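Chain residues, written in single-letter form:
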Amino acid sequence: MAIVHWLKAMSRRPWPKSWSKQELLLRAQHARLESAFAELLTFYRSYSSSVTEPEAFAYEGLSRRLLWWLKLHQRLEERWLRRQDCLSSGHQGDHQELLQRAFVDCCKTANNPKSRFIWLNNLQTSLSGHVLSADAYDYSFANSKS
């Protein structure tokens, strides 16, 4: 769970002031979210009756933390893009829609490992598409201004 250690370390450092450093941090967060997705997808892809209750409980917790990390990341991204006057309304709307649907679907799939795998895979696909579209557009706009 390298992500937890990374988040603790981040809480001890001041937030970067320049967009170029903010962008690096946001991209590092994207990479860490992808790492959490990979761990979860690996677990739920190979889920079997031999999974212990504590193990299942731990991965359920990681699924919920992933959503929390995603929400925090998106709030930070919105704040920094807004400061650059580069946050499009569609981008913010994508965040709201993605998170709202993700929280509901996380609850719906809590007791079904196969459904949880499908949900995680779909969420990862949506997030990857978002990074390549809305994020890419607003980030490039911010880069052109700095």
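Description of the structure in this document.

### Looking at the pattern of salt bridges
Across all of its chains, the model carries five salt bridges by this definition. Here E23 and R27 are joined by a salt bridge, their closest N and O atoms 2.9 Å apart. Pair noted here: E23 and R27 are both in helix α2 (residues 19–45), with a separation of four residues, about one helical turn. Residues R64 and E60 are paired through a salt bridge, measuring 2.7 Å at the closest nitrogen-oxygen approach. A residue pair is termed a helical-turn pair when its members lie 3 or 4 positions apart in one helix, as R64 and E60 do in helix α3 (residues 53–83) at four residues.

### So, the nonpolar core
The biggest cluster of nonpolar side chains holds 22 residues, and the ones touching the most others in it are L40, L66, W119, L120 and L123. Only α2, α3, α4 (89–108) and α5 (113–145) provide two or more residues apiece to this core. Broken down by element, the residue count for this core peaks at seven residues, all from α2. Setting aside its immediate chain neighbours within four residues, L40 contacts Y59, L62, S63, L66 and L120. In this structure, L25, L26, C86 and Y139 belong to the second largest nonpolar core, which totals 10 residues.

The rules behind the values
- Residues numbered from 1 in each chain as written.
- Predicted model: local features only at pLDDT ≥ 70, side-chain atom pairs only at ≥ 80, totals over all residues.
- Heavy atoms only, no water.
- Salt bridge = Lys/Arg side-chain N within 4 Å of Asp/Glu carboxyl O.
- Helix = DSSP H or I, 4+ residues; strand = E, 2+ residues; numbered from the N terminus.
- Core = buried A, V, L, I, M, F, W, Y, C linked by side-chain atoms within 4.5 Å.
- Buried < 20%, exposed > 50% of the residue type's maximum accessible area, 1.4 Å probe, protein only.
- Contact = heavy atoms within 4.5 Å.

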